[in-house]
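Chain by chain, the residues run as shown.
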Amino acid sequence: MILTRPKEEKRNPKKDNLTSKFLRKTYRNSGNSLSQRAYVYNESLERIQEMEKENKVCILAPDTIGNMKTLTMDENCLEDLYQQGQKQIQKLMKFMQQ
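Residues numbered from 1 in each chain as written. Predicted model: local features only at pLDDT ≥ 70, side-chain atom pairs only at ≥ 80, totals over all residues. Heavy atoms only, no water.

(A) Examining the overall build of the chain more closely. The helix and strand tally for the chain stands at three helices and zero strands. A compact globule built from 98 residues would reach a C-alpha radius of gyration of about 13 Å, whereas the chain, at 17 Å, exceeds it by more than 25%. Overall, the C-alpha framework of the chain stretches about 50 × 35 × 15 Å when taken along its three principal axes. Out of the 98 residues belonging to the chain, those deemed buried represent 23%. For the chain, the share of sequence-separated contacts (at least 6 apart) that also reach a separation of at least 24 residues comes to 67%. For the chain, the exposed surface amounts to about 8000 Å²; the carbon and sulfur share of it is 53%. (Helix = DSSP H or I, 4+ residues; strand = E, 2+ residues; numbered from the N terminus. Rg over C-alpha atoms; globule rule 2.2 N^0.38 Å. Buried < 20%, exposed > 50% of the residue type's maximum accessible area, 1.4 Å probe, protein only. Contact = heavy atoms within 4.5 Å. Areas by Shrake-Rupley, 256 points an atom, 1.4 Å probe, with all protein chains shown as cover.)

(B) Region of the structure containing a negative patch on the surface. Together, Asp 74, Glu 75, Glu 79 and Asp 80 give the surface a local cluster of negative charge. Structurally, the position occupied by Glu 79 is in helix H3 (residues 75-96). Residue class for Glu 79 comes out partly exposed when judged on its relative accessible area of 42%. (Patch = residues over 30% accessible without salt bridge, like charges linked within 9 Å, V, L, I, M, F, W, Y side chains within 5 Å. Salt bridge = Lys/Arg side-chain N within 4 Å of Asp/Glu carboxyl O. Lys, Arg positive; Asp, Glu negative; His and termini not counted. Charge placed at Lys NZ, Arg CZ, Asp CG, Glu CD.)

(C) Region of interest: the pattern of salt bridges. A full pass over the atoms with the stated rule returns eight salt bridges. Between Arg 5 and Glu 9 there is a salt bridge whose closest N-O contact spans 3.2 Å. Overall, the relative accessible area of 27% leaves Arg 5 in the partly exposed class. Overall, the relative accessible area of 29% leaves Glu 9 in the partly exposed class. One salt bridge connects Asp 16 with Arg 37, and the closest N-O pair in it is separated by 2.7 Å. Of this pair, Asp 16 sits in the segment before helix H1 (17-26) while Arg 37 sits in helix H2 (residues 28-53); the two residues are 21 residues apart in sequence, bridging distant segments of the chain. Asp 16 sits in the buried class, given a relative accessible area of 5%.

(D) Layout of a nonpolar patch on the surface. Taken together, the side chains of Ile 89, Met 93 and Met 96 present a nonpolar region at the surface, about 290 Å² in accessible area. Positionally, Met 93 belongs in helix H3.

That is the geometry; function is a separate question.
Okay, here's the thing in structure tokens:
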């Protein structure tokens, strides 16, 4: 499994409240789905962490994303994430050899 955020980081449901409320006025199902996004993500995260403990999956995730946001174009931040991924390739190779 490849995560774009640290594997300990859970999604905060409050971040989507205003957007989902606004969206629900015109697109009810989309607004409802957005309001559940954090819960679904956090539940999925817990499941894959359990699977990792059972040695069924290998989770690759950055240790930190620093000041990165979804649309960040800062080359230093992007390079740091790239280097973190390169270091984790050994973890994946070891898992695949089992």
